[in-house]
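# Descriptive analysis of the structure
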Amino acid sequence: MHTDLAARTNFSIGDSILTVEQLVDEAKKTGVNALGITDTMSVTGMIDFTNRCKKNGIKPIIGCRLRLVDDHTWRPVKGVKSRRSEYFVNYYVLSEKGLKALFRLLSLANSSDHFYYVPLLSFDDLYKELDTLSADDVIIASSDVYSVVQHKDAANILQNIKRRVSASNAFLTLSPIDTPYYDSVNIKALELADELGLEVLVTRPVFYDKGEDVAADVMRAIISNNKISEVFTACNFVRDFHVMDEVEFKDVTSKYAENLKRRRGVDAVDRFEEGLRNATKLADLVTYEWKKSAPSLPEMAKDEYAQLVKE
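What comes next concerns the included structure. (Residues numbered from 1 in each chain as written. Predicted model: local features only at pLDDT ≥ 70, side-chain atom pairs only at ≥ 80, totals over all residues. Heavy atoms only, no water.)

## Focus on the overall build of the chain
Where we set the bar: Helix and strand definitions here come from DSSP, where helices need a minimum of 4 consecutive H or I residues and strands a minimum of 2 consecutive E residues; each element is numbered from the N-terminal end. Restricting the calculation to C-alpha atoms gives the radius of gyration, and the globule rule supplies 2.2 Å times the number of residues raised to the power 0.38. Contact criterion: two residues are considered in contact whenever any of their non-hydrogen atoms come within 4.5 Å of each other. Per-residue and other accessible areas follow the Shrake-Rupley method at a 1.4 Å probe size, with only the shown protein chains counted as cover for residues. Asp and Glu count as negative and Lys and Arg as positive, but His and the ends of the chain are not part of the count. All charge positions are set by atom: Lys at NZ, Arg at CZ, Asp at CG, Glu at CD.
Counting its regular elements, the chain contains 10 helices and 8 strands. Taken against the 2.2 N^0.38 rule, which gives 19 Å for 311 residues, the C-alpha radius of gyration of the chain at 21 Å falls within 12% of a compact globule. Overall, the C-alpha framework of the chain stretches about 85 × 55 × 45 Å when taken along its three principal axes. Counting contacts in the chain only where the partners sit at least 6 residues apart, residues at least 24 apart contribute 78% of the total. Accessible area for the chain stands at about 15700 Å²; split by element, carbon and sulfur atoms hold 52% of it. Positive and negative charge centroids in the chain, built from 41 and 47 side chains respectively, lie 3 Å apart.

## Here we look at the packing of helix H1 (residues 20–29) against helix H2 (residues 46–55)
We count it as follows: Helix axes are fitted only over the stretch in contact, all axes being lines through C-alpha atoms; the angle between N-to-C directions runs from 0 to 180 degrees. For this classification, under 35 degrees means roughly parallel, over 145 means roughly antiparallel, 65 to 115 means roughly perpendicular, and everything else is oblique. Each crossing is labelled by how the near helix is turned from the far one, with a counterclockwise turn of less than a right angle marking it left-handed and a clockwise turn marking it right-handed. Think of it as three bins: nonpolar holds Ala, Val, Leu, Ile, Met, Phe, Trp, Tyr, Cys and Pro, charged holds Asp, Glu, Lys and Arg, and polar takes everything else, Gly as well.
Contact geometry for H1 and H2: axes closest at 10 Å, N-to-C directions at 30°. Comparing the axis directions of H1 and H2 gives the class roughly parallel. The two elements H1 and H2 cross, and the hand of that crossing is right-handed. Contact with H1, carried on its side by Val20, Glu21, Leu23 and Val24, involves Asp48, Phe49, Arg52 and Cys53 of H2 and no other residues of that element. Taken together, the residues that form the contact of H1 with H2 break down as 5 nonpolar, no polar and 3 charged.

## With respect to the environment of methionine 1
Checked against the element boundaries, methionine 1 lands in the segment before strand S1 (3–7). With 279 residues separating them along the chain, methionine 1 and threonine 280 place their C-alpha atoms 6.2 Å apart.

## A closer look at helix H7 (residues 213–223)
The criterion, for reference: Using a 1.4 Å probe on the protein chains alone, a residue whose accessible area is under 20% of its type maximum counts as buried, one over 50% counts as exposed, and one in between counts as partly exposed.
Of the positions making up H7, those classed as buried are Asp213, Ala216, Asp217, Met219, Arg220 and Ala221. With its phi angle positive at about 60°, asparagine 225 sits one or two positions after the end of H7.

Okay, structure coming up:
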């Protein structure tokens, strides 16, 4: 099964320029069998995404990229140099109960005491919600950029997540993206996987159609209020964050594992192969599918028509 678990749409403002329609169309063209949507702090595209996937014979996986901070009450103090660090995990829905918990988390993140320029959650907010769930309801995986594995207390955080959702439902994400930054993130993920007895998962974010990388750069320049010609305009060094077919995805993953060994002396070829298999494993664990609820009306009488005639 060809699985893509980290796609983001234009509901992830600043990351992706893909509409839900474009994402699903590209997934169908490239032979994706199971597609996961993981927009940052949003499930706005969930209904359209689910309907389009079903129409095109693709298994829809509802997910969300959660933004976590140590203290959601932090605000800058004039004259004091400090900043807030953000860390991310991917939340994958396995049940109606898991989806409702995600709704509560996102509602909380957008409340007046949490929202500060962007919606935020504390780690305790996540733990409290996970305490109401079980392994039948949710899967949690570390994310790609600004992953939770980069937190100084990552081992304890992941141990807390593992204890709540079970070891089989907690994954360390490996991102086959050929840069020194991702070398460091992946090495840390591998170390934590060994330390905590967790499995690894290979995913790669999707932001645009093939060949649309420049359009994504323009979008980021507009959002950051910079000219595209300025030296410090944010542009991704990697230019292939598009939906890949199975052969291309495996080839990119294999080449990255080889380069990681050459650059950093870390032989993780087998672990990346394991991560690819676990992507399929995760997709198989997802049986929940969002459906429109049936109309629910009050019962006015045992035989409403007869009672109406009588009245």
